[in-house]
Amino acid sequence: AGATGPQGYAGPLPDHVDVLVIGAGFAGLAVAIKLTEDGRDVLVVDKGDSVGGTWRDNTYPGAACDVPSQLYSYSFAPGDWSRSFSPQPEIKAYLDRVAARSGVLDRFVFGTSVEHAQWEADRGVWAVRTSRGDLTADVLVSGAGGLSEPKLPDIAGIDDFGGEIFHSARWDHDTDLAGKRVAVIGTGASAIQIVPELQKVAGHLDVYQRTAPWVLPRHDRTYPGLERLALRSVPGLQRLYRTAIYWGRETYVPAFTLVPDLAKPAELLARGNIARGISDPDLRTKVTPDFKIGCKRILISNAYYPALDADNTELVTDRIERITPTGIVTADGTEREIDVLVVATGFHTTDQPIAHHVVGREGRSLADVWREHGQQAYRGTTVAGFPNFFQVVGPNTGLGHSSMVFIIESQVAYLRDALRVMARNSYGSVEPRQDAQDDWNARLHQRMRRTVWSTGGCASWYLDEHGRNTTLWPRATFTFRLGLSRFDTRAYRVTGPVPDPGGAE
Ligand code: N01
């Protein structure tokens, strides 16, 4: 075994572990904590230098969560939150603290990426190549996350830009923005948090909007001392907040999935937000969306519209033609010169690089298998042809209305149950039956047709290149949890223990 330290596992990799986890974000950390509690030998590999995943990588000014703090935290580890919507540094500190207190940090290998993982049927293991050496694992878990791989815009000339340029998720804190001419491309969740902060320091700010988003008021508040103390010390109080927020959010679900017109009142609120934040009538028109609310991620901000309305900001809605060494040229031929370019253009959500590196029973990678019908899994967690492979935050597990931590805990519970069932029955491997997976996805996509994501008249990162929504869960989250409440062996193809090479299907 290697030496361990506060910064993670520091020695050479072991030859074999029970469970290898890719990614040290909310998902990977929950897997490590819960499986360690179960007495399993777990190792988590992450290319970053600490836990946190997206909350480690997104350090842009203004970064904060738009899901309330009590819900955006583990049910088994209440946080000490300063406000109702936690800023990024608090979430990162929370995850660091949970990792340290749970005593699992020595199970994390940082600065290491998984380059290739191949199921070896004869040995009944995953053979894994990492940037730090090889190892095998009985079970492979991907917690790589859907919003981890920055997507740069495919705009002519972008490589020739001569000033500073960086993606929102790779913020360059060494770049001094004071008084500079800055441009932001994108008006998604990241951009609308960045823009108000940039507007305060930049000499001039250009915001390039391709599609106007719906932005609701942000009902954020600092917890007064007494309330914060009570939340920290009164038993059950955080759970009460959590439960109230959870059910409040679940009531939105029908509006997105069954009767999109139920979301109309939210549109009115968003229009009010525009009217309050912007005085210029032309600008109001430019920021008014032309699709149904909910079709794209609904954003929340009180600061975004006033920042657009400020004298040093220009909202540019003309299509970007190309980027030059000194600026950005739009379709009308105008060139706006800039010193710094921030690309807040999102992530590879339906074409994640990890899918190319995980190779299943028939020698095909996840990316190959998913090429034809888009990314698919059984219950968003396991994939036919990929024995002993589990995804935490897999296809169709994302949410537009509630907390991913709820989904993560549901999937971790399912994984734990699967491992118990495997141990009890001496199964060497489990993998979902293709018909069970197909049936589950057919029902899911049937339901998806009626949702605002399909009918709302917008494009978004929820959809893949063929317009299929392979990222979101289209129902209430408790139905997701119910479906994963126990490992349903009947939907699985199982093999006996190795060294029984024939297996017992
Ligand atoms: O990325 P996005 P994001 N030319 O993909 C535009 C979570 N999150 O990083 O709408 C010009 O949503 C693109 O335009 P359009 C949350 O789940 C949460 O902002 O496609 N523009 C869009 O405006 C969120 O949904 C939090 O027309 C281009 C923007 O770039 C998810 O992460 C905070 C372009 C991309 O928006 C992703 O959010 C941050 C091009 N070539 C993120 N390409 C909170 O909890 C793209 N765009 C608060």
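Scroll up to find the structure.
What counts and how
- Residues numbered from 1 in each chain as written.
- Predicted model: local features only at pLDDT ≥ 70, side-chain atom pairs only at ≥ 80, totals over all residues.
- Helix = DSSP H or I, 4+ residues; strand = E, 2+ residues; numbered from the N terminus.
- Rg over C-alpha atoms; globule rule 2.2 N^0.38 Å.
- Axes fitted to C-alpha atoms, helices over the stretch in contact; angles between N-to-C directions.
- Left-handed = near helix turned anticlockwise from the far one by under 90°.
- Contact = placed C-beta atoms within 7 Å.
- Nonpolar A, V, L, I, M, F, W, Y, C, P; charged D, E, K, R; others polar.
- Near = placed C-beta within 6 Å.
- Buried ≥ 20, exposed ≤ 12 C-beta atoms within 10 Å, placed from the backbone.
- Pairing = 2+ DSSP bridges.
- Core = buried A, V, L, I, M, F, W, Y, C linked by C-beta atoms within 7 Å.

Participant: Would you mind going over the overall build of the protein in detail, with residue names and values included?
Facilitator: In terms of regular secondary structure, the protein is built from 16 helices and 22 strands. Taken over the C-alpha trace, the protein has a radius of gyration of 23 Å; the compact-globule value for 505 residues is 23 Å, and the two agree within 12%. Its C-alpha atoms put the protein at 75 × 50 × 45 Å along the principal axes.

Participant: With reference to specific residues and values, describe the packing of helix H1 (residues 26–37) against helix H13 (residues 404–425).
Facilitator: The relative placement of two packed helices comes down to the angle between their axes together with the axis-to-axis distance. Between H1 and H13, whose axes approach to 10 Å, the crossing angle comes to 40°. The crossing of H1 and H13 is right-handed. In this structure, H1 contributes Phe26, Ala27, Ala30, Val31, Lys34 and Leu35 to the contact, and H13 contributes Met404, Val405, Ile408, Glu409, Val412, Leu415 and Arg416. The class makeup of the residues in the contact of H1 with H13 is 10 nonpolar, no polar and three charged.

Participant: I'd like to hear about the site of the ligand, residue by residue, with values.
Facilitator: In the region of the ligand, 25 residues are neighbours, and Pro153, Gly186, Gly188, Thr211 and Gly346 sit closest. If you tally residues by element for the shell around the ligand, the top one is helix H4 (residues 189–201), at four residues.

Participant: Lay out the environment of Leu341 in plain terms, naming residues and giving numbers.
Facilitator: One can find Leu341 in strand S18 (residues 340–343). Classification of Leu341 as buried rests on a count of 21 C-beta atoms within 10 Å. Taking the C-alpha atoms as reference points, Leu341 and Arg486, separated by 145 residues in sequence, lie 49 Å from one another. Apart from residues no more than four positions distant in its own chain, Leu341 is found in contact with Phe161, Gly163, Ile165 and Ala183.

Participant: Could you give me a rundown of the sheet that holds strand S11 (residues 204–208), with the residues and numbers involved?
Facilitator: Spatially, the five strands line up as an open sheet ordered S9-S18-S10-S11-S14, and their pairing is parallel. Each end of this open sheet is capped by a strand with a single partner; those strands are strand S9 (164–167) and strand S14 (313–316). The mean inter-strand angle of the sheet, taken between neighbouring strand axes irrespective of direction, is 15°. For S11 and S14, the ladder comprises four bridges, and the chain directions are parallel. From the neighbouring strand, Leu205 faces S14, where its bridge partner is Thr313.

Participant: Give me the nonpolar core: which residues, what numbers.
Facilitator: In globular proteins that are soluble, nonpolar side chains generally tend to be buried together. Residues Leu20, Leu29, Val31, Ala137, Val182 and Val184 are the most contacted members of the largest nonpolar core, which totals 126 residues. Per-element accounting of this core gives the leading share, 10 residues, to H13.

Participant: Break down the environment of Phe478 for me, citing the residues and quoting the values.
Facilitator: Mapping Phe478 onto the fold places it in helix H16 (residues 477–483). A sequence separation of 72 residues divides Phe478 from Phe406, and the C-alpha atoms of the two residues are 8.9 Å apart.

Participant: Quick one: what's the story with the sheet that holds strand S16 (residues 327–330), residue by residue and with numbers?
Facilitator: If you walk across this open sheet you meet the three strands as S15-S16-S17, and the pairing is antiparallel. At either end of the open sheet lies a strand with only one pairing partner, and these are strand S15 (320–323) and strand S17 (335–337). Sheet twist, expressed as the average angle between the axes of neighbouring strands with direction ignored, equals 25°. Of the strand pairs in this sheet, S16 and S17 are connected by three bridges, and their pairing is antiparallel.

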